[in-house]
Each structure stands twice: as structure tokens, then as C-alpha cells.
Amino acid sequence: MANPVIEELKQKQDALRARFVGKQLSEVPTPSVVLDLKQVMVNCERMLEAAENLGLQWRAHIKTHKTTELTRLQVGNHLTTPVLLIVSTILEAENITPLLKEYQSKDRHVNVLFSFPLFASAVPRLTAVSSQLGPDGLSVMIDHVDQLPYVKAIHTSSGHPPRVFIKIDVNYGRAGVKTDSPEYPALVDVLLAAEREGWLVLHGLYTHAGQSYGARKLGDAMHVLHAEFIHAHNAALKIREKSPDHAPLVLSVGATPTATTIQSPWFTGECDVHRANSKGSMRPFEEELKELWGGWQKEGYVLEIHAGVYPTLDLQQVATHARHIGLLSEEDIGISVVAEVASVYPTRGQNSKPEALINAGSLALGREPVSLDKQTSNNEETAKPYTGWGALMPWGVLAGTEEKDRSGKILGERFPNDFRGWQVGKISQEHGILTWVGDEGKKAPELKVGDRVRVWPNHACIMGAGFEYYLIIDSNCRGQEDKVRDVWCRWNGW
């Protein structure tokens, strides 16, 4: 029997495709959000290849884009690899279930993790997801003993014991139980007792180091990844102390800055020389991590990496410098917002610099900042910090006007502490005010009423919430880079 919600979404998508496919970005309504198929494919392939090369299990978070099409890219098409997903809303789980059942029909193992600590009103809908996916199809997240009745209720109604991840707080302070608290061993005791009764499977430990978004130097995020694994491993040891013969536990760690560090050329074998410091040759940190991980795998642990915003990336991610600039710069961002210049103010800005008004404000771009590296922000008098809510791409009337640093990038080695270009300097609900950041005496590239611009967002996850669909272009198509190739509908809501 057809799902009426899915059918309605398909009809909507068909209508949008008829309306937009074949049009140029100069012809679409604004503001519109655009995905570059070339770049999101590259970003997904890099992640899959890195995890496979290191023997790490991969679990893709779909909260950023909330689409079936991009989920397919995140899990790849190798029939021997499991399809392991994370969702942040139940609506995402419901809408991705048909795709998971498709993969099941091809004998791919599937599992979807609802990544918010379980609450009462989630039970009926998650029960339905569990019933459709069958045994081992649903995982839930727990960080308090009082959430256990909800797990039992899902088992009672669906007949399938959910897999349970314990959410570990790795000093981020958002959700999770601290392993050095009295609550942690008490929670483990209750979970092990419930597992013996047969109404759940204690599957693993889950961490999210959101503080890694504050990384600002190459190597910072990798050390946070190491700390995540240490937290998860220590938590697992405490479970093994209580249950020495327990089935292999999954240590699931990650955030996009930490998870994508496994793409380091020292991991992939593209670098065959040791790094050097002032004392001479130094063993790459990646080698130490590989040895550590290999030892844990021999102990019977399954090491899992998860991340979400990596397919699209955004300015927050570029600012982390989590990877070498050849793998993480403005060229790797796969998402942007098309907007129109509605007015210009030639001398209104600070020191009589120009400003311009675009029709993309906080509802189109979000309102999350890119924080500066306070330790280095004032070290150079010539530095021009990025303080915007988005930055303009070198596209359309601005193509060829961009300033690049010594690395050949617009968002170079010192971003966000040093930046040149148009930024969304002020923002309100529907209004974005473009302000010019440049050296004294350097004239800003002219913008005129009616011009179209594309904005790189600070945070793609938040920005996407204002849109119902993505326009898909493909920069691989030379001469037709701005042609709309497809439309992907989002699942907005909870």
C-alpha cells in the first residue's frame, strides 16, 4: 500500500522538476538554495573511501539535507557495505524508511539511529519505523535511566528489541552522560539487566564533539577525534568490567571537523615522509592513531565514524582547517543561496564604504556566526576578520574579482581571521546587508540593483531549514554550470 505522505512528496517533486529543470540560475526565483552535484558527490566519495581504507565503520547523518537523493550518495552503492544512518527528527526516519527497505531488498543490512535522547511522544512513530524495518533496523539513544520504559514500549509494540547507544558527554555539555559520574554505572547496570531480559540490545557508545567546530589550526580537530575515541573506549571498558562476555560494542564518534580528518594524506598513504619539528623528525600522529585503533579492533570493538554536514560543507567548516587546504577550502563548498541585489548604498558603510541590500536575510541564511581564533586575531595589523553571516561567491558579476591569499584560495590559511570580499555584514528577517571588507584604497567590485549573487552560508544545517527544496546544478558541465539539472525536496518539520 502506497504511503500517502511519500506520494504527496513525489507529486510535489514532479511539479517542481517541470517548473525548474532546464532553467538557468538567472531565471529562478530568489532566494533559492542550490546544491552543486559535482561537489557533494566528491565530498561523499572522499568520506566513504577514507572510512573503507582505515577499516572504520561509516554511519551517515542526514539531518543537514533531509533528502533521499543525497542519502544515496552518502551510503554509496557497494552492496556489501551496510547502510547505517543517523536522523535528528522522526520525520527524517519516516521518510528515509522506503529507501532503507529498498536496500534491504538488495540484501544490504540497514539501521537508522534516532539521535536525540528518547522521549515519550517519540515512541508510537519510532515503533512504526521499527516494525517496517524489522530486527536490528532501529537504534535509539539513551543517557538517563528514566528513558528505559520508552525503549521497552517500542519492543513491546513492534516485537523488535531496539539497539541502544549510550550517549556520552565529551565535555560539550549538550546531551549525554559523563562516564565519571555516578549516573553512568547505574545506567549501565539497568541497560545490562534489560538486555538480559531481551527487550533491548546494548549496541555501543556514541559521542559528538561539537566543540571541534572551534578548531582553527590543522591538527586541532584530529586531536579532538582522538579524545572522542578515548572517551568512548573508557566508557566501553566499564561495560566490559560488568559484562566481560558482552557482544562487541560499537564506539561511534564524530562531528564533521573530527570525522573528516580521516581524509588526511597521512592516513591515505599519499604522504611518505615524516613531519618535522624543531627537534627533527617526528612520527605522524595519524600513525599513532592507526596503531591505537588497530589494537582496539583486535580487542573486539567496532570503530565507527559519523558526520552530517560534510557533503555540503559551509563557512564554519572551512574555518576549522580540519584538513589540508587542498581538501578544505571554498572550492569544496557544495551549497549556496541565490539572491538579488535590491538596492545599493555607495557610501553608507563604515569609512564611506559601499553597502548593498539583498533579499536573503536570517530566514534564508540562518543566524549562526563563524567565531574568530582569539589567540591570533590581533597578531597582524593588516588582518581583516570575517564577521559576516555569509560571504559572496565569485560568480556572475563578481566572477574574476576575487582576492586570493598566498595559498591561492579566497578563504585561505588564515580564514576567518583574515578575509577580503563582500560579506553579509548585517542581517534581519528578510534583509541581508552586504558590507565590503578590503584593504584601504582597494575599491569594492561594483554591485548594481538587479544583480544576482550567490552566498556561501555559515552553517548549512540551519540555513537549509528555510527552504522546501534544493535546485541541483552540476559544475562538471562546462558552459552549462548554472543549468538546473534536478530538484530535491526536503523533509521539513519534526
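Criteria and cut-off values
- Residues numbered from 1 in each chain as written.
- Predicted model: local features only at pLDDT ≥ 70, side-chain atom pairs only at ≥ 80, totals over all residues.
- Heavy atoms only, no water.
- Axes fitted to C-alpha atoms, helices over the stretch in contact; angles between N-to-C directions.
- Helix = DSSP H or I, 4+ residues; strand = E, 2+ residues; numbered from the N terminus.
- Contact = heavy atoms within 4.5 Å.
- Nonpolar A, V, L, I, M, F, W, Y, C, P; charged D, E, K, R; others polar.
- Domains from an automatic or database assignment.
- Buried area = accessible area lost by both parts, 1.4 Å probe.
- Salt bridge = Lys/Arg side-chain N within 4 Å of Asp/Glu carboxyl O.
- Phe/Tyr/Trp six-rings, centres within 6.5 Å; stacked < 30°, edge-to-face > 60°.
- Buried < 20%, exposed > 50% of the residue type's maximum accessible area, 1.4 Å probe, protein only.

In this section: the packing of helix α2 (residues 37–54) against helix α3 (residues 68–75). Contact geometry for α2 and α3: axes closest at 8 Å, N-to-C directions at 35 degrees. In this structure, α2 contributes Leu37, Val40, Met41, Cys44 and Leu48 to the contact, and α3 contributes Leu70, Leu73, Gln74 and Val75. Residues of the contact of α2 with α3, tallied by class, amount to eight nonpolar, one polar and no charged.

We now examine the domain arrangement of the protein chain. The assigned domain composition of the protein chain is domain 1 (40–268 + 285–312) and domain 2 (317–372 + 384–458). Every contact between the two is made by 18 residues of domain 1 and, on the other side, 17 residues of domain 2. Summed over both partners, the interface of domain 1 with domain 2 comes to about 1,400 Å²; 51% of that surface belongs to carbon and sulfur atoms. On the surface where domain 1 and domain 2 come into contact, there are one salt bridge.

Here the structure, examined in full by the defined rule, presents 12 aromatic pairs. Between Trp58 and Tyr310 the ring centres are 5.3 Å apart and the planes differ by 85 degrees, which places this aromatic pair in the edge-to-face class. Residue Trp58 is found in strand β2 (residues 57–61), and its partner Tyr310 is found in the loop between β11 (302–307) and α12 (315–320); the two are separated by 252 residues along the sequence. By relative accessible area, which is 2% here, Tyr310 ends up buried. Each ring, one from Tyr386 and one from Phe419, has its centre 5.2 Å from the other, and the planes form 75 degrees; the classification is edge-to-face. Note that Tyr386 is positioned in the loop between α13 (362–365) and β14 (390–392) and Phe419 in the loop between β14 and β15 (421–427), a separation of 33 residues in sequence.

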